[in-house]
Amino acid sequence: MFSPKTISRRHALKQLTALAGAPLAANLLAQALADNNSPANGLSNSVSLGDEASRKGILYGSAVGKASLSLDQPYAELIARQCKIVVPESEMKWKTLRPTPDRYVFDAGDWIVRWAESHGIVVHGTALVWHEALPAWFEGYANKNNARELMVNHIKTVVGHYVGKMHSWDVVNEGLLETGLRDTPFLRLIGPEYMDLAFQTTAEADPKAIRVYNDMYVEESNNDVKRRLLLKLLEDMLSRKVPVQALGIQGHLRSDMGGFDAKKLRAFLRQVAGLGLQIFITELDMRDQSPANDVGTRDAAIARYCEDFLSTVLEEKAVTVVISWGLTDRYTWLSGKAPRSDGQPVRPLPFDQNLAPKPVFAAMAKAFDDAPNR
Ligand code: G3I
(Lines give C-alpha, C1' and ligand atoms only; values in the text may rest on other atoms or scores of the structure.)
Protein backbone atom coordinates (compact mmCIF):
# COMPACT_ATOMS: atom_id res chain seq x y z
CA MET A 1 0.00 0.00 0.00
CA PHE A 2 2.71 2.50 0.95
CA SER A 3 6.38 2.27 0.33
CA PRO A 4 8.27 4.73 2.60
CA LYS A 5 10.88 5.34 -0.06
CA THR A 6 8.49 6.59 -2.70
CA ILE A 7 5.65 7.86 -0.55
CA SER A 8 5.07 11.53 -1.29
CA ARG A 9 3.46 13.81 1.19
CA ARG A 10 0.55 14.51 -1.13
CA HIS A 11 0.01 10.81 -1.88
CA ALA A 12 0.30 9.88 1.79
CA LEU A 13 -2.15 12.57 2.80
CA LYS A 14 -4.59 11.53 0.08
CA GLN A 15 -4.42 7.94 1.30
CA LEU A 16 -4.73 9.02 4.93
CA THR A 17 -7.66 11.31 4.41
CA ALA A 18 -9.38 8.75 2.19
CA LEU A 19 -8.98 6.09 4.87
CA ALA A 20 -9.58 8.25 7.92
CA GLY A 21 -12.97 9.33 6.59
CA ALA A 22 -15.04 6.25 7.20
CA PRO A 23 -15.23 4.40 10.52
CA LEU A 24 -14.71 1.02 8.89
CA ALA A 25 -11.75 2.37 6.96
CA ALA A 26 -10.28 3.74 10.17
CA ASN A 27 -10.10 0.16 11.41
CA LEU A 28 -8.20 -0.77 8.28
CA LEU A 29 -6.00 2.21 8.86
CA ALA A 30 -5.57 1.22 12.49
CA GLN A 31 -4.35 -2.17 11.33
CA ALA A 32 -2.12 -0.69 8.66
CA LEU A 33 -0.67 1.96 10.96
CA ALA A 34 -0.37 -0.14 14.09
CA ASP A 35 1.51 -2.91 12.27
CA ASN A 36 5.16 -2.05 12.95
CA ASN A 37 6.28 -3.58 9.69
CA SER A 38 3.68 -1.65 7.80
CA PRO A 39 5.15 0.72 5.25
CA ALA A 40 2.43 3.01 6.58
CA ASN A 41 4.91 3.96 9.28
CA GLY A 42 6.52 5.87 6.49
CA LEU A 43 3.50 8.14 6.80
CA SER A 44 4.86 9.96 9.80
CA ASN A 45 8.00 10.66 7.80
CA SER A 46 6.00 11.91 4.85
CA VAL A 47 3.17 13.70 6.60
CA SER A 48 3.97 16.16 9.38
CA LEU A 49 1.02 17.50 11.33
CA GLY A 50 3.00 20.70 11.88
CA ASP A 51 3.56 21.10 8.13
CA GLU A 52 -0.09 20.31 7.32
CA ALA A 53 -1.29 22.89 9.84
CA SER A 54 1.25 25.49 8.67
CA ARG A 55 -0.13 25.30 5.14
CA LYS A 56 -3.34 26.80 6.54
CA GLY A 57 -1.64 29.35 8.79
CA ILE A 58 -2.13 27.24 11.93
CA LEU A 59 0.64 26.40 14.42
CA TYR A 60 0.51 22.75 15.54
CA GLY A 61 2.58 21.20 18.31
CA SER A 62 2.71 19.36 21.57
CA ALA A 63 3.43 19.53 25.27
CA VAL A 64 6.90 18.17 26.01
CA GLY A 65 8.94 17.21 29.07
CA LYS A 66 12.66 17.89 29.42
CA ALA A 67 13.33 14.35 30.68
CA SER A 68 11.73 12.57 27.69
CA LEU A 69 13.05 15.10 25.16
CA SER A 70 16.63 14.78 26.41
CA LEU A 71 16.74 11.02 27.01
CA ASP A 72 14.47 9.52 24.33
CA GLN A 73 16.08 10.30 20.95
CA PRO A 74 13.44 8.68 18.68
CA TYR A 75 10.76 10.63 20.58
CA ALA A 76 12.73 13.86 20.23
CA GLU A 77 13.06 13.25 16.49
CA LEU A 78 9.30 12.72 16.22
CA ILE A 79 8.60 15.98 18.09
CA ALA A 80 11.06 17.82 15.84
CA ARG A 81 9.38 16.34 12.71
CA GLN A 82 5.76 16.87 13.74
CA CYS A 83 5.76 20.11 15.78
CA LYS A 84 6.11 23.83 15.05
CA ILE A 85 5.34 24.85 18.66
CA VAL A 86 6.00 23.15 22.01
CA VAL A 87 4.91 23.87 25.57
CA PRO A 88 6.88 22.67 28.62
CA GLU A 89 4.37 20.43 30.43
CA SER A 90 5.71 21.35 33.89
CA GLU A 91 9.06 23.14 33.55
CA MET A 92 7.67 26.70 33.63
CA LYS A 93 5.25 26.23 36.50
CA TRP A 94 5.79 27.70 39.98
CA LYS A 95 6.53 24.28 41.50
CA THR A 96 9.49 23.72 39.16
CA LEU A 97 10.73 27.32 39.01
CA ARG A 98 10.49 28.28 42.65
CA PRO A 99 12.14 25.84 45.11
CA THR A 100 12.15 28.60 47.73
CA PRO A 101 10.54 32.07 47.95
CA ASP A 102 13.77 33.80 46.93
CA ARG A 103 15.18 31.34 44.38
CA TYR A 104 14.33 30.73 40.72
CA VAL A 105 15.56 27.62 38.88
CA PHE A 106 15.24 28.01 35.11
CA ASP A 107 17.51 25.10 34.03
CA ALA A 108 14.80 22.74 32.75
CA GLY A 109 12.83 25.51 31.02
CA ASP A 110 16.02 26.91 29.50
CA TRP A 111 16.95 23.46 28.15
CA ILE A 112 13.58 23.14 26.38
CA VAL A 113 13.79 26.69 24.98
CA ARG A 114 17.30 26.01 23.63
CA TRP A 115 16.21 22.66 22.13
CA ALA A 116 13.19 24.30 20.49
CA GLU A 117 15.22 27.21 19.11
CA SER A 118 17.78 24.76 17.64
CA HIS A 119 14.92 23.02 15.76
CA GLY A 120 13.17 26.18 14.59
CA ILE A 121 10.24 25.52 16.93
CA VAL A 122 8.51 28.28 18.95
CA VAL A 123 7.60 27.98 22.63
CA HIS A 124 4.32 28.52 24.49
CA GLY A 125 4.65 28.91 28.27
CA THR A 126 2.30 27.61 30.97
CA ALA A 127 1.31 28.87 33.51
CA LEU A 128 2.21 32.23 35.03
CA VAL A 129 -0.78 32.21 37.42
CA TRP A 130 -2.47 28.90 38.31
CA HIS A 131 -3.81 27.53 41.59
CA GLU A 132 -2.12 24.14 41.00
CA ALA A 133 1.57 23.15 40.80
CA LEU A 134 2.40 25.71 43.48
CA PRO A 135 5.50 24.98 45.60
CA ALA A 136 5.00 23.60 49.11
CA TRP A 137 6.16 26.88 50.71
CA PHE A 138 3.51 28.97 48.93
CA GLU A 139 0.57 28.28 51.27
CA GLY A 140 2.42 29.21 54.46
CA TYR A 141 4.28 32.13 52.90
CA ALA A 142 1.71 33.98 50.79
CA ASN A 143 -0.66 36.35 52.61
CA LYS A 144 -2.80 39.39 51.96
CA ASN A 145 0.18 41.70 52.53
CA ASN A 146 2.68 40.06 50.16
CA ALA A 147 0.60 38.14 47.59
CA ARG A 148 0.33 41.01 45.11
CA GLU A 149 4.10 41.61 45.14
CA LEU A 150 4.75 37.83 45.07
CA MET A 151 2.67 37.37 41.91
CA VAL A 152 3.94 40.52 40.17
CA ASN A 153 7.58 39.69 40.93
CA HIS A 154 7.07 36.10 39.72
CA ILE A 155 5.67 37.27 36.41
CA LYS A 156 8.27 40.02 35.95
CA THR A 157 11.14 37.61 36.73
CA VAL A 158 9.92 34.64 34.66
CA VAL A 159 8.62 36.58 31.64
CA GLY A 160 11.69 38.81 31.85
CA HIS A 161 13.98 35.77 31.89
CA TYR A 162 12.40 34.46 28.66
CA VAL A 163 11.74 37.82 27.02
CA GLY A 164 11.96 37.59 23.23
CA LYS A 165 12.01 33.78 23.33
CA MET A 166 8.32 33.01 23.87
CA HIS A 167 5.58 32.80 21.24
CA SER A 168 2.92 33.08 23.93
CA TRP A 169 2.07 32.57 27.61
CA ASP A 170 -0.88 31.14 29.50
CA VAL A 171 -1.04 34.17 31.80
CA VAL A 172 -3.95 32.93 33.92
CA ASN A 173 -5.02 29.29 33.87
CA GLU A 174 -8.39 27.85 34.99
CA GLY A 175 -9.56 30.94 36.87
CA LEU A 176 -13.29 30.38 36.19
CA LEU A 177 -15.91 27.87 37.27
CA GLU A 178 -19.60 27.52 36.34
CA THR A 179 -20.27 29.36 39.62
CA GLY A 180 -18.01 32.35 38.85
CA LEU A 181 -14.35 33.11 39.60
CA ARG A 182 -12.56 30.03 40.98
CA ASP A 183 -11.65 30.41 44.66
CA THR A 184 -7.86 30.42 44.22
CA PRO A 185 -5.14 31.77 46.56
CA PHE A 186 -4.66 34.65 44.10
CA LEU A 187 -8.34 35.59 44.26
CA ARG A 188 -8.47 35.27 48.04
CA LEU A 189 -5.23 37.17 48.75
CA ILE A 190 -5.21 39.81 45.99
CA GLY A 191 -8.85 40.12 44.97
CA PRO A 192 -10.64 39.80 41.60
CA GLU A 193 -8.28 42.33 40.05
CA TYR A 194 -5.48 39.71 40.12
CA MET A 195 -6.22 38.68 36.56
CA ASP A 196 -6.01 42.24 35.19
CA LEU A 197 -2.76 42.76 37.11
CA ALA A 198 -1.29 39.49 35.75
CA PHE A 199 -2.00 40.44 32.13
CA GLN A 200 -0.75 44.00 32.57
CA THR A 201 2.48 42.81 34.24
CA THR A 202 3.06 40.24 31.48
CA ALA A 203 2.52 42.85 28.75
CA GLU A 204 5.06 45.16 30.39
CA ALA A 205 7.62 42.34 30.80
CA ASP A 206 7.32 41.07 27.20
CA PRO A 207 5.10 43.11 24.87
CA LYS A 208 5.61 40.61 22.03
CA ALA A 209 4.52 37.28 23.57
CA ILE A 210 0.83 36.59 22.94
CA ARG A 211 -1.11 36.70 26.23
CA VAL A 212 -3.62 33.88 26.73
CA TYR A 213 -6.41 33.29 29.23
CA ASN A 214 -6.60 29.46 29.37
CA ASP A 215 -9.41 27.27 30.69
CA MET A 216 -10.86 23.75 30.61
CA TYR A 217 -14.13 22.02 29.66
CA VAL A 218 -15.22 24.96 27.52
CA GLU A 219 -16.22 22.65 24.69
CA GLU A 220 -18.58 20.34 26.62
CA SER A 221 -22.12 20.53 25.23
CA ASN A 222 -23.73 21.00 28.68
CA ASN A 223 -21.34 23.78 29.80
CA ASP A 224 -23.44 26.68 28.49
CA VAL A 225 -23.01 28.56 31.78
CA LYS A 226 -19.21 28.31 31.63
CA ARG A 227 -19.15 29.59 28.06
CA ARG A 228 -21.46 32.48 29.00
CA LEU A 229 -19.37 33.43 32.05
CA LEU A 230 -16.14 33.08 30.03
CA LEU A 231 -17.42 35.39 27.31
CA LYS A 232 -18.48 37.94 29.97
CA LEU A 233 -15.05 37.67 31.67
CA LEU A 234 -13.28 38.39 28.40
CA GLU A 235 -15.67 41.20 27.41
CA ASP A 236 -15.24 42.88 30.82
CA MET A 237 -11.44 42.55 30.71
CA LEU A 238 -11.33 44.08 27.24
CA SER A 239 -13.68 46.90 28.33
CA ARG A 240 -11.11 47.68 31.07
CA LYS A 241 -8.37 47.67 28.40
CA VAL A 242 -6.77 44.58 29.96
CA PRO A 243 -4.21 43.32 27.35
CA VAL A 244 -5.59 39.77 26.92
CA GLN A 245 -5.04 38.66 23.33
CA ALA A 246 -6.24 35.05 23.13
CA LEU A 247 -8.54 32.51 24.70
CA GLY A 248 -6.97 29.10 25.35
CA ILE A 249 -9.42 26.21 25.17
CA GLN A 250 -7.65 23.21 26.68
CA GLY A 251 -9.57 20.54 24.76
CA HIS A 252 -9.14 17.59 27.14
CA LEU A 253 -11.94 15.82 25.29
CA ARG A 254 -14.11 13.49 27.36
CA SER A 255 -16.91 11.73 25.56
CA ASP A 256 -18.10 10.64 29.02
CA MET A 257 -19.06 14.28 29.77
CA GLY A 258 -21.71 14.50 27.10
CA GLY A 259 -19.31 15.31 24.27
CA PHE A 260 -19.53 18.63 22.46
CA ASP A 261 -22.26 20.29 20.43
CA ALA A 262 -20.74 21.57 17.17
CA LYS A 263 -23.43 24.26 16.70
CA LYS A 264 -23.00 25.66 20.23
CA LEU A 265 -19.20 25.51 20.01
CA ARG A 266 -19.11 27.20 16.61
CA ALA A 267 -21.36 30.01 17.88
CA PHE A 268 -19.20 30.48 20.98
CA LEU A 269 -15.98 30.62 18.96
CA ARG A 270 -17.57 33.21 16.67
CA GLN A 271 -18.46 35.37 19.69
CA VAL A 272 -14.90 35.12 21.06
CA ALA A 273 -13.43 35.93 17.63
CA GLY A 274 -15.84 38.86 17.49
CA LEU A 275 -14.00 40.35 20.48
CA GLY A 276 -10.87 40.47 18.35
CA LEU A 277 -9.23 37.60 20.24
CA GLN A 278 -7.23 34.71 18.83
CA ILE A 279 -8.22 31.22 20.00
CA PHE A 280 -5.69 28.52 20.91
CA ILE A 281 -6.52 24.85 21.48
CA THR A 282 -3.90 24.37 24.19
CA GLU A 283 -4.07 20.82 25.61
CA LEU A 284 -5.80 18.53 23.11
CA ASP A 285 -6.15 14.88 24.05
CA MET A 286 -8.96 12.34 24.16
CA ARG A 287 -9.86 10.24 27.20
CA ASP A 288 -9.82 6.62 26.07
CA GLN A 289 -12.58 5.20 28.31
CA SER A 290 -14.47 3.25 25.67
CA PRO A 291 -15.85 -0.04 27.09
CA ALA A 292 -14.64 -1.72 23.91
CA ASN A 293 -11.57 -3.85 24.54
CA ASP A 294 -10.17 -4.05 21.05
CA VAL A 295 -7.66 -1.39 20.08
CA GLY A 296 -9.06 -0.91 16.57
CA THR A 297 -12.52 0.06 17.84
CA ARG A 298 -11.10 2.30 20.57
CA ASP A 299 -8.70 4.04 18.16
CA ALA A 300 -11.43 4.55 15.57
CA ALA A 301 -13.79 6.13 18.15
CA ILE A 302 -11.09 8.50 19.37
CA ALA A 303 -10.13 9.42 15.80
CA ARG A 304 -13.74 10.22 14.93
CA TYR A 305 -14.23 12.30 18.09
CA CYS A 306 -11.02 14.21 17.53
CA GLU A 307 -11.79 14.89 13.88
CA ASP A 308 -15.31 16.09 14.71
CA PHE A 309 -13.92 18.48 17.32
CA LEU A 310 -10.93 19.69 15.33
CA SER A 311 -12.82 20.19 12.08
CA THR A 312 -15.47 22.17 14.02
CA VAL A 313 -13.02 24.50 15.75
CA LEU A 314 -10.80 24.96 12.68
CA GLU A 315 -13.76 26.34 10.73
CA GLU A 316 -13.19 29.44 12.89
CA LYS A 317 -10.20 31.29 11.40
CA ALA A 318 -9.45 32.91 14.78
CA VAL A 319 -8.20 29.46 15.87
CA THR A 320 -4.51 29.86 15.10
CA VAL A 321 -2.79 27.35 17.42
CA VAL A 322 -3.48 23.67 18.17
CA ILE A 323 -1.34 21.97 20.82
CA SER A 324 -1.76 18.29 21.77
CA TRP A 325 -1.17 17.53 25.40
CA GLY A 326 1.51 15.06 24.38
CA LEU A 327 2.22 13.52 20.97
CA THR A 328 2.52 9.82 21.84
CA ASP A 329 0.80 7.40 24.21
CA ARG A 330 4.29 6.71 25.54
CA TYR A 331 4.06 9.94 27.56
CA THR A 332 0.58 11.05 28.63
CA TRP A 333 -0.69 12.34 31.96
CA LEU A 334 -3.83 10.27 31.37
CA SER A 335 -1.92 7.04 32.10
CA GLY A 336 -1.86 8.06 35.75
CA LYS A 337 -4.84 10.41 35.90
CA ALA A 338 -7.41 8.44 33.93
CA PRO A 339 -6.28 4.81 33.53
CA ARG A 340 -8.64 2.37 31.83
CA SER A 341 -10.73 0.12 34.08
CA ASP A 342 -9.59 -2.88 32.05
CA GLY A 343 -5.97 -2.01 32.79
CA GLN A 344 -5.12 -1.65 29.09
CA PRO A 345 -2.70 1.23 28.32
CA VAL A 346 -4.58 4.39 27.33
CA ARG A 347 -4.35 5.51 23.70
CA PRO A 348 -5.30 9.25 23.68
CA LEU A 349 -2.73 10.71 21.28
CA PRO A 350 -1.73 10.72 17.56
CA PHE A 351 1.16 8.25 17.96
CA ASP A 352 1.20 4.96 19.88
CA GLN A 353 3.78 3.83 22.44
CA ASN A 354 6.03 2.61 19.60
CA LEU A 355 5.81 6.07 17.98
CA ALA A 356 3.71 4.67 15.10
CA PRO A 357 0.92 6.91 13.75
CA LYS A 358 -2.66 5.96 14.68
CA PRO A 359 -6.07 6.78 13.20
CA VAL A 360 -6.19 9.98 15.28
CA PHE A 361 -3.01 11.06 13.44
CA ALA A 362 -4.89 10.58 10.15
CA ALA A 363 -7.93 12.37 11.56
CA MET A 364 -5.84 15.38 12.60
CA ALA A 365 -4.03 15.46 9.24
CA LYS A 366 -7.43 15.42 7.51
CA ALA A 367 -8.81 18.19 9.75
CA PHE A 368 -5.81 20.42 9.00
CA ASP A 369 -6.02 19.59 5.28
CA ASP A 370 -9.74 20.47 5.22
CA ALA A 371 -9.34 23.67 7.29
CA PRO A 372 -9.83 27.07 5.61
CA ASN A 373 -6.70 29.17 5.08
CA ARG A 374 -5.99 31.77 7.76
O1 G3I B 1 9.46 16.28 38.32
C2 G3I B 1 8.98 15.68 39.55
C3 G3I B 1 9.89 14.53 39.95
O4 G3I B 1 11.18 15.03 40.26
C5 G3I B 1 9.28 13.82 41.17
O6 G3I B 1 10.07 12.69 41.50
C7 G3I B 1 7.85 13.38 40.83
C8 G3I B 1 7.17 12.67 41.98
O9 G3I B 1 6.75 13.62 42.93
O10 G3I B 1 7.05 14.54 40.50
C11 G3I B 1 7.57 15.18 39.32
O12 G3I B 1 6.78 16.30 39.05
C13 G3I B 1 5.50 15.98 38.51
C14 G3I B 1 5.34 16.75 37.18
O15 G3I B 1 4.03 16.55 36.64
C16 G3I B 1 6.39 16.35 36.15
O17 G3I B 1 6.15 15.02 35.78
C18 G3I B 1 4.42 16.46 39.49
O19 G3I B 1 4.50 15.66 40.66
C20 G3I B 1 3.06 16.30 38.85
O21 G3I B 1 2.06 16.89 39.69
C22 G3I B 1 3.02 17.06 37.52
O23 G3I B 1 1.75 16.83 36.94
C24 G3I B 1 1.42 17.73 35.85
C25 G3I B 1 0.21 18.60 36.29
O26 G3I B 1 -0.22 19.41 35.19
C27 G3I B 1 0.60 19.54 37.43
O28 G3I B 1 1.63 20.39 36.99
C29 G3I B 1 1.02 16.86 34.66
O30 G3I B 1 2.16 16.17 34.19
C31 G3I B 1 0.46 17.75 33.55
O32 G3I B 1 -0.03 16.95 32.47
C33 G3I B 1 -0.71 18.59 34.10
O34 G3I B 1 -1.12 19.42 33.07
C35 G3I B 1 -2.29 20.22 33.39
C36 G3I B 1 -2.11 21.59 32.74
O37 G3I B 1 -0.92 22.19 33.19
C38 G3I B 1 -3.34 22.46 33.02
N39 G3I B 1 -4.55 21.80 32.53
C40 G3I B 1 -4.77 20.46 33.10
C41 G3I B 1 -3.56 19.57 32.81
C42 G3I B 1 -3.78 18.18 33.35
O43 G3I B 1 -3.88 18.22 34.75
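Quick caveat, the model's predicted, so the values are computed rather than measured.

Looking at where Glu-283 falls in the secondary structure, it is placed in strand β10 (residues 278-286). Buried within the structure, Glu-283 lacks any salt-bridge partner; Lys-93 is the closest side chain of opposite charge, at an N-O distance of 6.8 Å. Here the side chain of Glu-283 touches His-252 through a polar contact of 2.6 Å, side chain to side chain. When near neighbours in sequence (up to four residues on either side) are disregarded, Glu-283 contacts Asn-214, Ile-249, Gln-250, Gly-251, His-252, Ile-323, Ser-324 and Trp-325.

Next up on the list: the site of the ligand. Inspection of the region around the ligand gives 13 residues, with Glu-89, Lys-93, Glu-174, Glu-283 and Trp-325 positioned closest. Separating an oxygen atom of the ligand from a side-chain N or O atom of Ser-90 is a distance of 3.5 Å. In the model, a nitrogen atom of the ligand is placed 3.3 Å from a nitrogen or oxygen of the Gln-250 side chain. Within the complex, 48% of the 800 Å² of free accessible area of the ligand lies under protein.

Our next topic: the layout of surface pockets. Considering only enclosed or pocket space, the largest pocket measures out at about 430 Å³ in volume. What lines the largest pocket is a set of 18 residues, and nearest its centre among them are Trp-130, Glu-132, Glu-174, His-252 and Trp-333. Split by residue class, the lining of the largest pocket holds 6 nonpolar, 5 polar and 7 charged.

Turning next to the environment of Arg-298. Tracing the sequence through the fold places Arg-298 in helix α15 (residues 295-314). Arg-298 sits in the buried class, given a relative accessible area of 1%. Separated by 50 residues in the primary sequence, Arg-298 and Pro-348 have C-alpha atoms spaced 9.6 Å apart. Filtering out sequence-adjacent residues up to four positions away, Arg-298 remains in contact with Asp-288, Ser-290, Ala-292, Arg-340, Gln-344, Pro-345, Val-346 and Arg-347. Within the structure, Arg-298 has its side chain in polar contact with the backbone oxygen of Pro-345 (distance 2.9 Å).

In terms of burial, strand β1 (residues 59-64) is largely enclosed, as 5 of its 6 residues are buried. Summarising the sheet, β1 and strand β11 (residues 319-324) pair through 4 bridges and their orientation is parallel. Directly across from Gly-61, in β11, lies its bridge partner Ile-323. As paired strands, β1 and strand β2 (residues 85-88) are joined by 4 bridges and run parallel to one another. Within β2, the residue paired with Val-64 across the bridge is Pro-88.

Glancing now at the packing of α15 against helix α17 (residues 359-370). Put simply, α15 and α17 touch, their axes get as near as 8 Å, and they point 20° apart. Relative to α17, α15 is oriented roughly parallel. Of the two elements, α15 crosses α17, and the hand of that crossing is right-handed. Across the interface between the two elements, Asp-299, Ile-302, Ala-303, Cys-306, Glu-307, Leu-310, Ser-311 and Leu-314 of α15 pack against Pro-359, Val-360, Ala-363, Met-364, Lys-366, Ala-367 and Phe-368 of α17. Here the contact of α15 with α17 is built from residues that sort into 11 nonpolar, 1 polar and 3 charged.

Trp-169, Tyr-213, Leu-284, Leu-314, Val-322 and Phe-368 are the most contacted members of the largest nonpolar core, which totals 97 residues. Look past the residues within four positions of Leu-284 in its chain and what remains in contact with it is Gln-250, Gly-251, Leu-253, Cys-306, Phe-309, Leu-310, Val-322, Ile-323, Ser-324, Trp-325, Leu-349 and Met-364.

In this sheet, strand β3 (residues 122-125) lies alongside β2 in parallel orientation, the contact comprising 2 bridges. Among the inter-strand pairings, Val-86 is bridged to a residue of β3, identified as Val-123. Examined bridge by bridge, β3 and strand β4 (residues 168-173) share 2 bridges and lie parallel to one another. What sits directly across from His-124, in β4, is Ser-168.

Right, let's get into unusual backbone geometry. In this structure, the amide linkage connecting Thr-126 to the following residue, Ala-127, adopts the cis form with an omega of -5°. With respect to the element layout, Ala-127 can be found in the loop between β3 and α9 (138-141). Even without being a glycine, Ala-133 presents a positive backbone phi close to 55°. Phi at Lys-241 takes a positive value of approximately 65°, unusual for a residue other than glycine.

Applying the stated criterion across every chain yields a total of 14 aromatic pairs. Both rings, one in Trp-137 and one in Tyr-141, keep their centres 5.3 Å apart while their planes meet at 85°; by these two values the pair is edge-to-face. Considering the side-chain rings of Phe-138 and Phe-186, the 5.6 Å spacing of their centres and the 50° angle between planes classify their relative orientation as tilted. Highlighted residues: Phe-138 in helix α9 and Phe-186 in helix α11 (residues 185-190), separated in sequence by 48 residues. Phe-186 gets classed as buried once you look at its relative accessible area, which sits at 3%. Among the aromatic residues, ring-to-ring pairing joins Trp-94, Trp-137, Phe-138, Tyr-141, Phe-186 and Tyr-194 into one connected group.

Rules of the game
- Residues numbered from 1 in each chain as written.
- Predicted model: local features only at pLDDT ≥ 70, side-chain atom pairs only at ≥ 80, totals over all residues.
- Heavy atoms only, no water.
- Helix = DSSP H or I, 4+ residues; strand = E, 2+ residues; numbered from the N terminus.
- Buried < 20%, exposed > 50% of the residue type's maximum accessible area, 1.4 Å probe, protein only.
- Lys, Arg positive; Asp, Glu negative; His and termini not counted.
- Salt bridge = Lys/Arg side-chain N within 4 Å of Asp/Glu carboxyl O.
- Polar contact = N/O pair within 3.5 Å; in protein donor to acceptor, adjacent residues only side chain to side chain.
- Contact = heavy atoms within 4.5 Å.
- Near = heavy atom within 4 Å.
- Areas by Shrake-Rupley, 256 points an atom, 1.4 Å probe, with all protein chains shown as cover.
- 1 Å grid on protein atoms, 1.4 Å probe; cavity = no way out; pocket = protein on both sides within 12 Å on 5 of 7 lines; lining within 4 Å.
- Points joined across faces, edges and corners; volume = space filled by probe spheres on them.
- Nonpolar A, V, L, I, M, F, W, Y, C, P; charged D, E, K, R; others polar.
- Pairing = 2+ DSSP bridges.
- Axes fitted to C-alpha atoms, helices over the stretch in contact; angles between N-to-C directions.
- Parallel < 35°, antiparallel > 145°, perpendicular 65-115°, else oblique.
- Left-handed = near helix turned anticlockwise from the far one by under 90°.
- Core = buried A, V, L, I, M, F, W, Y, C linked by side-chain atoms within 4.5 Å.
- Phe/Tyr/Trp six-rings, centres within 6.5 Å; stacked < 30°, edge-to-face > 60°.

Everything listed is a geometric property; what it means functionally is a separate question.
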